[in-house]
Amino acid sequence: PAIFTRDSRAVLLLGDDGWVTHREGGVLFSLDVTRCMFSSGNVTEKARMGRLQCSGEVVVDLYTGIGYYTLPLLVLAGAAKVYACEWNPAAVEALKRNLRLNGVEARCEVVQGDCRQVAPRGVAHRVMLGLLPSSEGGWLTALEALGDTGGW
């Protein structure tokens, strides 16, 4: 099947590369603006992720992107482990960089590919479904990712 990604349409006018770093709510987000898009519209939801009480929990993020929810969950909310599923290679590259920048790479397993095929099963306390306009395609996968003591 075809992979549809939300890519940047930015064109670099000056400089050698398009990498920028943005600090938001105590979390660093880095991306190549010529290859990835930055979703500035979900500021409230990213902040809410950072306030969740998930210390010691395992989280599966089915549509990770550059780490919009994964990073606040790890950096601020204390998630023990996040499985970060993403199929866009440019976003995966930015995600790995962001995990290093924020010092949380040891608590995150990046799972590259279609989350419906590669997401772990039976491990999560929480599952993130941050795909707009609809995450319906991942609902069954989300339920399968939850462990015996999983919740929402």
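For the structure itself, consult the block above.
How each quantity is defined
- Residues numbered from 1 in each chain as written.
- Predicted model: local features only at pLDDT ≥ 70, side-chain atom pairs only at ≥ 80, totals over all residues.
- Heavy atoms only, no water.
- Helix = DSSP H or I, 4+ residues; strand = E, 2+ residues; numbered from the N terminus.
- Buried < 20%, exposed > 50% of the residue type's maximum accessible area, 1.4 Å probe, protein only.
- Contact = heavy atoms within 4.5 Å.
- Pairing = 2+ DSSP bridges.
- Axes fitted to C-alpha atoms, helices over the stretch in contact; angles between N-to-C directions.
- Expected span 1.5 Å × (residues − 1).
- Polar contact = N/O pair within 3.5 Å; in protein donor to acceptor, adjacent residues only side chain to side chain.
- Arc of directions from axis to C-beta.
- Phe/Tyr/Trp six-rings, centres within 6.5 Å; stacked < 30°, edge-to-face > 60°.
- Lys NZ or Arg CZ within 6 Å of the ring centre and 35° of its normal.

### Here's the deal with the environment of leucine 52
Structurally, leucine 52 can be placed in the loop between α1 (43-51) and β3 (58-61). Residue leucine 52 is classed as buried on the basis of its relative accessible area of 16%. Each C-alpha atom of the pair leucine 52 and alanine 77 lies 5.6 Å from the other, and the pair is 25 residues apart in sequence. Not counting residues up to four positions away in its chain, the partners in contact with leucine 52 are Leu73, Ala77, Arg126 and Met128.

### Some thoughts on the sheet that holds β3
Ordered in space as β5-β4-β3-β6, the 4 strands form an open sheet in which the pairing is parallel. A strand with exactly one partner marks an edge of an open sheet, and here the two such strands are β5 (108-112) and β6 (126-128). Across this sheet, the average inter-strand angle for adjacent strands is 15 degrees, counted without regard to direction. Across the sheet, helix α3 (residues 89-101) lies against β4 (81-86) and β5, angled at about 170 degrees from β5, the strand it touches most.

### Side note on α3
For α3, built from 13 residues, the straight-helix expectation of 18 Å at 1.5 Å per residue is met to within 8% by its first-to-last C-alpha distance of 18 Å. Every buried residue of α3 is listed here: Ala90, Ala91, Val92, Ala94, Leu95, Asn98 and Leu99. Where α3 begins, the capping side chain belongs to asparagine 88, and its oxygen is found 2.9 Å from the backbone nitrogen of alanine 90. Trailing α3 by a residue or two, glycine 103 shows a phi angle of about 70 degrees, which is positive.

### Some thoughts on α1
Quick reminder: α-helices carry 3.6 residues per turn. Residues three or four places apart thus point the same way. Of the positions making up α1, those classed as buried are Lys46, Met49 and Gly50. An end-on view of α1 places all buried positions within 100 degrees of arc, on one side of the element. Turned more than 90 degrees away from the buried face of α1 sit Thr44 and Arg51, all of them exposed. Elements that come into contact with the buried residues of α1 comprise β1 (19-24), β2 (27-32), α2 (70-75) and β6.

### Quick notes on the packing of aromatic side chains
Under the defined criterion, the tally for this structure stands at 1 aromatic pair. Over the ring of tyrosine 83 we find lysine 81; its NZ or CZ atom is 5.0 Å from the centre of that ring. Note that arginine 97 overlies the ring of tryptophan 19, its terminal NZ or CZ placed 3.8 Å from the centroid.

This is a description of form; function is not addressed.
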